[in-house]
Amino acid sequence: MTSLTTSSYIAASALTAAQVQLSVASSNIANADTEGYTAKSASAESQTTLGYGSGVAVTGIASSVSQYLLGDLLTATTNAANTTVTADYLDGLQQSFGSTTGEDGDGSSISNTIATFESALTELAETPESESLASAAVSALEDVTYQLNSLATDVQQSIDQADEQIADGVMAANEAIETIDALNEQIEAASARGDSTADLEDQLNASLVSLSEQLEIATFKADDGTVKVYTSDGQVLVDSSAHLLTTETAADGTTSISANGTDITGDLDTGNLGALVELRDETLPAYQDMLDELATTFIDELNTVSAGLLTGTGASDIAVSDTVQTDPSVLLGDTLPSEVAYELLDVLQASVSFDAAGDLSADEMSFTDYANSILSNLVNATTTAETRLELAETELSTISDTISSTYGVNVDEELTRLSELEQLYSIASTLLSVVQEMFDDLLTAVQ
């Protein structure tokens, strides 16, 4: 009777183990296309009692992603997010600045607009008494000022947008931090109960990836599956509780970011937040400075020849004076208008001195050459950003594919495993039926 009881227990335990493993395999197949899901496996061990086999038991359901690969994924995600934001902003700015050549041969850049003014002034110099040519020259000059105004506005709007998105990025980071903290609590509780934490750890890894999109992080995984999270400079974000980022409006009206009361804005050099801070504080203001240098030099040089022709203090407010707009003939004055026209042409065509501004060093060149230098600098920066983005995306794709191929679900393998487990389940079920029949026969014989 004892041997039959043991056999019954062995068969029942095998049936239970097979059921668990079948459930795990089925779940793997069902979640094969679920992003962030890793293949789970149910570990089974034989049980012994007094040195004799007494059945089989599932000891755990696990999926162990390499912490080294996970670290590489977090770093690659941070870099990809950083380069994506930078490339997007620079590409948008380049679209605003236009190009020196277009499909019809005419460019839309500020240098082209200055060249158009130069052409209009050349025609006026040949016939200075022409009111229509004077009007055309003033109109061309207004186009220069309008475009400088527009470019300055576009740059400032990009700066403002970056500042707004910094606040959005902090909100996204805090959501991830809170999720990680909540998952830590669930994992700790499940681990204490002896339950599987595999699915929770998948969710935890996904939340770490989400957080790494915003800023560079370092992680430490405990034996119970929970993680501690830090910024790259050591500020704790998650330990036994969540440490949320905070934002404040600085004296200049921009958003600053703090962790645990410490301003970390200047320490953010990668991720979505790092890119936005660099764009807002360095990259975009540099183009603002270059445009202002072009505008102020343009104002000073032209006003030296024709006093009061232009007003303003920079690219954002440069304008043709109201007097000249009202009466274009005032452009050349009443005395020797032809000479004034040629002097204005000389100013436009000759090399003038530009102070260092943004990424451009102090130099002497024409206005069109300086305008082209700004555009060339932007085109080179955009090309570099796009190249960095391609490399970052390739690295991220490579690491993601490695994790997927190593820890993802292989449907063919799971189907094969499922077939094997079904056979085991059938065998265990048959064995249990045979043992039950033997019990019944024995009871019948005893009666």
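## Comments concerning helix H3 (residues 110-126)
Its 17 residues give H3 an end-to-end C-alpha distance of 25 Å, which sits within 8% of 24 Å, the value for a rise of 1.5 Å per residue. Considered for burial, the residues of H3 that qualify are Ile-110, Ser-111, Thr-113, Ile-114, Phe-117, Glu-118, Ala-120, Leu-121, Leu-124 and Ala-125.

## Considering the sheet that holds strand S8 (residues 262-263)
Pairing is antiparallel across the open sheet formed by 3 strands, whose spatial order is S6-S7-S8. The sheet terminates laterally at strand S6 (245-249) and S8, the two strands that pair on one side only. Two strands pair when backbone bridges link them, and strand S7 (residues 255-259) and S8 are joined in this way by 2 bridges, in the antiparallel orientation. Pairing of Ala-259 across the sheet is with Thr-262, part of S8. Packed onto the sheet, helix H4 (residues 131-193) meets S6 and S7 and runs at close to 160° relative to S6.

## Some details on the packing of H4 against helix H6 (residues 271-305)
One way to put it is that H4 packs onto H6 with a least axis distance of 9 Å and a crossing angle of 165°. The angle between the axes of H4 and H6 places the two elements in the roughly antiparallel class. As for the relative orientation of H4 and H6, their crossing is left-handed in sense.

## Topic: the confidence of the model for the chain
The predicted coordinates should not be examined in detail at positions where pLDDT is low. Here the chain shows a mean pLDDT of 85. Residues at 70 or above account for 76%. Mean pLDDT across the elements of the chain bottoms out in strand S2 (residues 52-62) (51) and peaks in strand S10 (residues 319-320) (98). Predicted confidence is poor over residues 408-412, with pLDDT under 50, and the contacts of this stretch with residues over four places away or in other chains come to 10 contacts.

## Here's the deal with the pattern of salt bridges
Tallying each qualifying case throughout the model produces 4 salt bridges. Here Asp-163 makes a salt bridge to Arg-280, at a shortest N to O gap of 2.6 Å. In this pair, Asp-163 is assigned in helix H4 and Arg-280 in helix H6, connecting sequence segments 117 residues apart. Given the relative accessible area of 14%, Asp-163 is considered buried. Look at Arg-280 and you get buried, because its relative accessible area is 4%. Measuring nitrogen to oxygen at the nearest pair gives 2.7 Å for the salt bridge that ties Glu-201 to Lys-221.

## Details of the sheet that holds strand S4 (residues 227-231)
Taken together, 3 strands build an open sheet; the order of strands is S3-S4-S5 and the sheet is antiparallel. In the strand order of this sheet, the two ends are held by strand S3 (217-221) and strand S5 (236-238), each with one partner. Across this sheet, the average inter-strand angle for adjacent strands is 30°, counted without regard to direction. In this structure, S4 lies alongside S5, joined through 2 bridges in antiparallel fashion.

## Focus on the nonpolar core
Ranked by size, the top nonpolar core spans 99 residues in total, and within it Leu-211, Phe-298, Leu-302, Leu-331 and Phe-367 carry the most contacts. Per element, the largest residue contribution to this core is 21 residues, and it comes from H4.

## Digging into the pairing of S4
Alternating positions in S4 separate cleanly, Val-227, Val-229 and Thr-231 being buried on one face and Lys-228 and Tyr-230 remaining unburied on the opposite face. Across 5 bridges, the pairing between S3 and S4 is antiparallel. Across the sheet, the residue bridging to Lys-221 is Val-227, located in S4. The turn joining S3 and S4, which pair antiparallel and follow one another in sequence, is formed by 5 residues; a positive phi near 95° is taken by Gly-225.

## Digging into a negative patch on the surface
Taken together, the side chains of Glu-216, Asp-233, Glu-248, Asp-263, Asp-267, Asp-269, Glu-278 and Glu-282 make up a negatively charged region of the molecular surface. Along the chain, Asp-233 turns up in the loop between S4 and S5. The class for Asp-233 is partly exposed, based on a relative accessible area of 39%.

## A few points about the packing of aromatic side chains
Counted by the stated rule, this structure contains 4 aromatic pairs. Arranged with centres 5.1 Å apart and planes meeting at 85°, the rings of Phe-298 and Phe-367 form a pair that is edge-to-face. You can see Phe-298 sitting in helix H6 and its partner Phe-367 sitting in helix H9 (residues 367-407), a full 69 residues away along the chain. Each of the two residues, Phe-298 as well as Phe-367, counts as buried. Judged by centre distance (5.7 Å) and plane angle (90°), the rings of Phe-354 and Phe-367 are edge-to-face. Of this pair, Phe-354 sits in strand S11 (residues 352-354) while Phe-367 is found in helix H9, placing the two residues 13 residues apart along the sequence. With relative accessibility at 2%, the residue Phe-354 sits in the buried group.

## Remarks on the side chain of Glu-293
Within the secondary structure, Glu-293 is located in helix H6. Salt bridges are absent for the buried Glu-293, whose nearest opposite-charge side chain, Arg-280, sits at 23 Å. There is a polar contact of 2.8 Å between the side chain of Glu-293 and the backbone nitrogen of Asp-355. Those residues in contact with Glu-293 that lie beyond four places of it in its chain are Phe-354, Asp-355, Ala-357 and Tyr-370.

## Some details on the packing of helix H2 (residues 67-97) against H4
Orientation of H2 relative to H4, taken along the N-to-C sense of each, is 165°, at an axis distance of 10 Å. The angle between the axes of H2 and H4 places the two elements in the roughly antiparallel class. The element H2 and its partner H4 pack so that their crossing is right-handed. When H2 is examined against H4, the residues Tyr-89, Leu-93, Ser-96 and Phe-97 are found in contact with a partner set consisting of Leu-151, Asp-154, Val-155, Ser-158, Gln-161, Ala-162 and Gln-165.

Reading the values: the criteria
Every chain's residues receive numbers from 1 upward, in the order its sequence appears when written. Totals for whole chains, interfaces and linings use all residues, but because this is a predicted model, local features are given only for residues with pLDDT of at least 70 and pairs of side-chain atoms are given and counted only at 80 or more. Note that the side-chain values use all heavy atoms of the structure and ignore hydrogens as well as water. Per the convention used, a helix needs a DSSP run of H or I reaching at least four residues, while a strand needs a run of E reaching at least two, with both numbered from the N terminus. One fewer than the residue count of a helix, multiplied by 1.5 Å, yields its expected span. Think of it in three bands: residues with accessible area under 20% of the maximum for their type are buried, residues over 50% are exposed, and the middle band is partly exposed, with areas taken using a 1.4 Å probe on protein chains only. At least two DSSP bridges between two strands are required for those strands to pair. The contact criterion used is simple: two residues touch if any of their non-hydrogen atoms lie within 4.5 Å. Only the stretch in contact is used when a helix axis is fitted, and all axes are lines through C-alpha atoms; the angle between N-to-C directions ranges over 0 to 180 degrees. Our angle categories are set so that under 35 degrees counts as roughly parallel, over 145 as roughly antiparallel, 65 to 115 as roughly perpendicular, and the remainder as oblique. Crossing handedness follows the turn of the near helix against the far one: under a right angle anticlockwise gives a left-handed crossing, and clockwise gives a right-handed one. Per-residue confidence from the predictor is given as pLDDT, running between 0 and 100. Whenever Lys or Arg places a side-chain nitrogen within 4 Å of a carboxyl oxygen from Asp or Glu, that contact is recorded as a salt bridge. The definition of a nonpolar core used throughout is a set of buried Ala, Val, Leu, Ile, Met, Phe, Trp, Tyr and Cys residues joined through side-chain atoms within 4.5 Å. Only residues above 30% relative accessible area that lack a salt bridge enter a patch, with like-charged residues linked at up to 9 Å and the nonpolar side chains Val, Leu, Ile, Met, Phe, Trp and Tyr linked at up to 5 Å. Here the open area of atoms and residues is found with the Shrake-Rupley method and a 1.4 Å probe, where only the protein chains shown may cover a residue. The charged-residue count follows a simple rule in which Lys and Arg add positive charge and Asp and Glu add negative charge, with His and chain termini not counted at all. Charge positions come from single atoms, namely NZ of Lys, CZ of Arg, CG of Asp or CD of Glu. A pair of Phe, Tyr and Trp rings is counted when the ring centres sit within 6.5 Å of each other, with Trp represented by its six-membered ring. The angle between the planes then sorts it: under 30 degrees is stacked, over 60 is edge-to-face, the rest tilted. Nitrogen and oxygen atoms within 3.5 Å of one another constitute a polar contact, given that in protein one can donate a hydrogen and the other can accept it, and given that sequence-neighbouring residues count only through two side-chain atoms.

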